[in-house]
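Commentary on secondary and tertiary structure
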Amino acid sequence: MRARRQSERGRRRDVISGQSASNTIIALSPVDEGRTYNNDEAVSQPSPPPNERETQHQNVGNSENPPIRLSGMVRRFSSMVLGTTASPVDPLSVTAVTLVDDIEVIEAERINSTRTNKSKLLIFAVLFLVPVTAFAVLGVLFFTSNNEVIVFEEMPSMSPSNAPTLDGRPTLVRVQERKKLLCGARKNRKLDLNKTDQQEGFLCDLCRAVAAIVIGGRGDNFEEVEIIDFKWAGQLISRKVDVVFAGVTHTLQREIREPMTGSGFSFSTPYFYDGLRFVGNRIVVICAEKKRRYAECELLSICVLQGTTHSDFISAIFPSNFYRIGFSFEEMIAMMFNDTCNVIGVEEFSIFDSELEKLIKSGEYVLGNKSLTKEPLSAVTRNEDREWSDIVTWAIRALIQGEMNGLMRNPQLCNNDTILESNSTRLNYDQSVYCVGNYGEIFNRRFGENKRSSMNTINKGSPMIYSTPLGNIFGTKNDFQVMEEVIDGGVLKLVKSRKGDVLRCGVVVSFDDVNITSVDYCHVLAAALFNGDFEAVEFLTFRENDDIAYESLSHGIIDALAGAVVNFEGDVDRGFSYSTPYYYRDKESSVDCYAFATRGDDTLFSSFLNAMVITTIHAQEIGATRKTSTRMPLTSLFGNKFLWAMRDAVSYGGSYDEIYIN
C-alpha cells in the first residue's frame with residue numbers, strides 16, 4: 001500500500017510538472033481506457049426510522065371529487081324517498097286473470113303465496129324502514145351533542161384554493177422597488193426599540209448593513225420581521241422575509257435539504273461562531289456536561305429549544321425523560337423558574353443581555369465551561385437567487401474586511417443618494433462599514449469587548465480550517481426517493497452517465513503545497529463519485545491567473561476547478577460557487593483562500609463537492625483515517641447512489657491532516 005501511494009504521489013507531481021510555460025491546456029488521464037467500473041457495489045443499509053419532524057405536503061381537498069354539501073345531500077335524499085313512494089306496485093303482487101269462453105265471468109287464480117309474502121315484505125321495507133332511516137339522519141343533523149340546532153346553509157367549496165402568487169423577480173429588484181429590506185430576526189432583548197424608537201442590537205445592525213448597501217441612506221430602511229426559531233425556512237420560502245438573521249446554524253443538511261420544508265438554503269459567511277453550553281445549578285450543569293444520569297444526577301432535566309441543532313444533539317445523548325422541549329427562549333426561562341427543568345441548553349450568543357446573564361452574574365446560576373457543539377451562525381437566504389445570496393455574504397465579509405483593514409464607521413462617507421444601483425457587482429459594499437461600522441465596532445457597541453471569544457476575532461495566523469456541522473445527514477426513506485428525483489439532472493448525473501465514468505478536474509498551478517493538495521482533493525472527489533475509484537479522474541492544468549480555466553468551467557469542459565482563489569469577481573460578477581477553503585496562504589495585506597470552484601447554476605453538485613471537502617475536515621475532528629474510514633457516517637443527502645460517498649472519500653484521502661502532511 002505504501003509503495004502504491006508513493007508511486008501515486010510521484011505521479012501527482014508529474015501532473016503538475018507537466019505544465020508547460022505556454023497557455024496550452026494539458027490533459028492528463030490516469031484512467032485505463034479499457035477499464036470498467038462497477039457502480040452497483042454500494043452496500044445497502046437498513047432503512048432508518050422515520051424523521052418525526054418531517055413535513056408531509058398534502059392538498060386540502062380534491063377538485064375531482066368535491067365534497068357533498070349538507071343542503072344538497074338533504075335534497076337528494078328527499079327526492080329518493082319521494083321516488084320510492086310514487087313508483088308503481090311491484091308486478092309480482094298483481095293478480096293474474098284468465099277469460100273463460102265468451103262469458104264475462106272472471107275466474108281468479110292466485111299467485112303462489114310465498115311470492116306474495118316476499119312482495120309484501122319488500123313494500124314494507126321501502127315504506128317503513130326508509131322513512132325511519134331518514135328521520136334518524138335528520139335527527140343527527142339537526143341536534144348536536146350539546147343540543148345546539150344546526151342551520152343548513154350552502155357551505156363553501158372545500159376544493160383547494162389557488163396558491164398565492166409569488167413574485168418571481170430577483171430579490172434585489174423587489175427590495176429596491178419597495179425601498180425596504182424585510183429582515184427576519186428574533187424579537188428579543190437585542191432587538192428592542194430604544195427611547196427614540198430606533199431599532200437597536202447586534203442583529204439589527206447586520207440588517208442595517210445589508211440595507212445600507214442595497215438601498216442606501218444610513219441603513220435604516222429595513223423592517224424587522226419576527227422569526228419563530230424553528231419556522232424560519234417557511235418564512236423565507238413564502239417571501240415574508242428577504243434574509244434571516246436569527247441565530248440559525250449553518251449545517252450541511254440545511255444547505256441541501258432542510259427537514260421542515262424539504263428545500264435547500266444558502267448560508268453566508270458566519271457572523272458569529274458559537275456552541276451549545278449549559279446554564280443552571282453547578283451540580284446539574286456538571287451532570288449535563290458529563291452526560292451522567294445516576295446518583296446526584298438522576299433528577300437532571302434539560303430544557304432545549306424545538307427544531308434546533310441543540311435539540312438534535314440533546315436527543316441523541318439523553319433519553320427523552322431527561323429533557324423537555326421549549327418553543328421559545330422566553331418559555332425555556334419560564335420552565336426553569338417553575339422547576340419544569342433545572343438546566344437550559346443554549347448558545348452563549350442568546351445569553352447576552354438576557355435574564356439568564358443577570359442570574360449568572362448574581363451567582364445564582366453558572367454557565368458551563370464546555371462547548372459541546374459547533375454553531376456557525378449565518379445569514380440565510382433562498383438558494384434559487386444566487387445574486388441575492390452573494391450580496392448578503394459579501395456584506396458580512398465587508399464588515400470583517402473593514403476591521404482587518406482599519407476601515408471604520410464614517411457618517412460623512414455614508415451615501416444618502418436616492419439613485420439605486422441595480423447591478424450587484426457595482427454596489428458599494430464599503431457602505432456597510434461607513435454607515436454601520438466594521439464588525440468589531442458593531443460587536444463591541446452591543447456586547448462589549450470582554451465578551452468576544454477568540455473564534456470571533458480577526459485571524460492573525462492561527463489555524464483557520466473549520467468544518468461546517470453535518471446535521472442529520474442520514475434522513476428517511478423519503479429523502480432517498482426525493483434526492484433520486486432531484487439528481488435526475490445536473491453535473492452529478494452527467495458525471496455518473498459519462499462514457500468511462502470519469503471526473504474532469506481542472507487544477508490551477510500555483511506552488512507545490514497547494515498543487516499537490518488540489519490534485520489530492522480531485523482524487524477524493526472521484527472516490528466519492530465512483531464508489532471508491534479514486535483514479536476515475538482526468539486532469540486539465542492551468543496557469544495561475546489564467547482566464548482560460550474559468551472559461552473551461554463555464555463551458556463544461558471541466559466539472560470542477562481545484563486551486564481557485566476565492567474572490568469577489570468570480571463569486572458575484574461571474575456567478576461561480578466556491579467550496580469551503582482547504583488551504584490558506586498569508587500575504588502582506590490579505591489571505592488567499594484556495595478552494596474548489598463550480599458553476600453557480602448547479603447548486604446540488606456544488607453542495608456535493610463542498611460536502612466532500614467538509615468530510616475530510618470532519619474526519620480529522622472525529623479521528624477517522626484511511627484505515628478507519630467506516631467511522632464516517634452514511635448519508636442520504638444525495639440519494640442511494642452516494643450513500644457511501646463520505647466513507648469512500650476518506651478511504652482514499654483520509655483526514656485533512658493525512659492529505660496535507662502526506
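Reference entry: report on the structure contained in this document. All values reported here derive from a predicted model rather than from experimental measurement. Residue indices follow the written sequence of each chain, beginning from 1 at its first position. Only residues with pLDDT of at least 70 get local features here, since the model is predicted, and only at 80 or more are side-chain atom pairs given and counted; chain-wide, interface and lining totals rely on the full set of residues. The basis for every side-chain value is the complete set of heavy atoms in the structure, and neither hydrogens nor water enter the calculation.

Here's the deal with the overall build of the chain
We count it as follows: Starting at the N terminus, helices and strands are each numbered in turn, a helix being any DSSP run of H or I of at least four residues and a strand any DSSP run of E of at least two. Working definition: with a 1.4 Å probe on protein chains only, accessible area under 20% of the residue-type maximum means buried, over 50% means exposed, and in between means partly exposed. In what follows, a contact means two residues having at least one pair of non-hydrogen atoms within 4.5 Å. All accessibility values rest on the Shrake-Rupley procedure with a 1.4 Å probe; residue burial counts only the protein chains present in the view.
In terms of helices and strands, the chain carries 23 helices and 21 strands. Out of the 662 residues belonging to the chain, those deemed buried represent 47%. Sequence separation of at least 24 residues holds for 74% of the intrachain contacts in the chain that already meet a minimum separation of 6. Summed over its atoms, the accessible surface of the chain is roughly 34,000 Å², and 52% of this surface lies on carbon and sulfur atoms.

Describing the pattern of salt bridges
Just so we agree on the cut-off: Counted as salt bridges are all cases of a side-chain nitrogen of Lys or Arg within 4 Å of a carboxyl oxygen of Asp or Glu.
Summed over the entire model, instances satisfying the criterion amount to 17 salt bridges. Among the salt bridges present, the one from Arg446 reaches Asp205, with a minimum N-O distance of 2.8 Å. Of the two residues, Arg446 is situated in helix H15 (residues 439-446) and Asp205 in helix H5 (residues 202-214); the sequence distance between them amounts to 241 residues. Judged by its relative accessible area of 19%, Arg446 falls in the buried class. Taking the relative accessible area as the measure of exposure, Asp205 reaches 1% and is therefore buried. One salt bridge connects Arg277 with Glu348, and the closest N-O pair in it is separated by 3.3 Å. In this pair, Arg277 sits in strand S9 (residues 276-280) while Glu348 sits in helix H11 (residues 348-351), placing the two residues 71 residues apart along the sequence.

Regarding the packing of helix H13 (residues 386-404) against H15
Applied cut-off: What counts as an axis is a line fitted to C-alpha atoms, over the stretch in contact for a helix, and the angles between N-to-C directions run from 0 to 180 degrees. The scheme is simple: roughly parallel for angles under 35 degrees, roughly antiparallel for over 145, roughly perpendicular for 65 to 115, oblique for anything else. Charged residues are taken to be Asp, Glu, Lys and Arg, nonpolar residues to be Ala, Val, Leu, Ile, Met, Phe, Trp, Tyr, Cys and Pro, and polar residues to be all remaining types, Gly included.
Running from N to C, H13 and H15 point in directions that differ by 95°, and their axes come no closer than 6 Å. The pairing of H13 with H15 is recorded here as roughly perpendicular in orientation. For the pair H13 and H15, the contacting residues are Leu399, Ile400 and Glu403 in the first and Tyr439, Gly440 and Ile442 in the second. For the contact of H13 with H15, the per-class residue count stands at four nonpolar, one polar and one charged.

Let's talk about helix H8 (residues 282-290)
Since one α-helical turn is 3.6 residues long, residues separated by three or four positions face the same way. Test applied: Residues adjacent in sequence count toward polar contacts only when both atoms are side-chain atoms; beyond that, a polar contact is any pair of N or O atoms within 3.5 Å, and within protein one must be able to donate a hydrogen and the other to accept it.
What H8 keeps buried is the set Val284, Val285, Cys287, Ala288 and Glu289. Looking at the buried positions of H8, the neighbouring elements they touch are S9, strand S10 (302-305), strand S12 (343-347) and strand S13 (366-367). Sitting at the amino-terminal end of H8 is Asn281, which places a side-chain oxygen 2.9 Å from the backbone nitrogen of Ile283. Backbone geometry just after H8 places Lys291 at a positive phi near 60°.

Digging into unusual backbone geometry
For residues other than glycine, phi is negative in most cases, and the peptide bonds are mostly trans. The backbone of Asn531 sits at a positive phi, close to 55°, despite the residue not being glycine. Structurally, Asn531 can be placed in the loop between helix H18 (512-529) and strand S17 (537-543). Owing to a relative accessible area of 23%, Asn531 belongs among the partly exposed residues under this scheme. Phi at Asn545 takes a positive value of approximately 65°, unusual for a residue other than glycine. Relative to the elements of secondary structure, Asn545 occurs in the loop between S17 and helix H19 (547-554). Given a relative accessible area of 78%, Asn545 falls into the exposed group.

Quick word on the state of the cysteines
Convention followed: Note on terminology: pairs of cysteine sulfur atoms within 2.5 Å are recorded as disulfides.
For the coordinates displayed, the defined rule picks out five disulfides. A sulfur-sulfur separation of 2.0 Å characterises the disulfide bridge that pairs Cys303 with Cys341. Taking the sign of the S-S torsion, -100° for the link of Cys303 and Cys341, the bridge is left-handed. Taken together, the residues Cys303 in strand S10 and Cys341 in the loop between helix H10 (329-337) and S12 connect sequence positions 38 residues apart. For Cys414, the disulfide goes to Cys435, at an S-S distance of 2.1 Å. Because the torsion about its S-S bond is 105°, the bridge between Cys414 and Cys435 counts as right-handed. Within this pair, whereas Cys414 is found in the loop between H13 and helix H14 (431-436), its partner Cys435 is found in helix H14, the two being separated by 21 residues in sequence. Across this residue pair, the class does not change: Cys414 and Cys435 are buried.

Shape is all these values report; function is a separate question.
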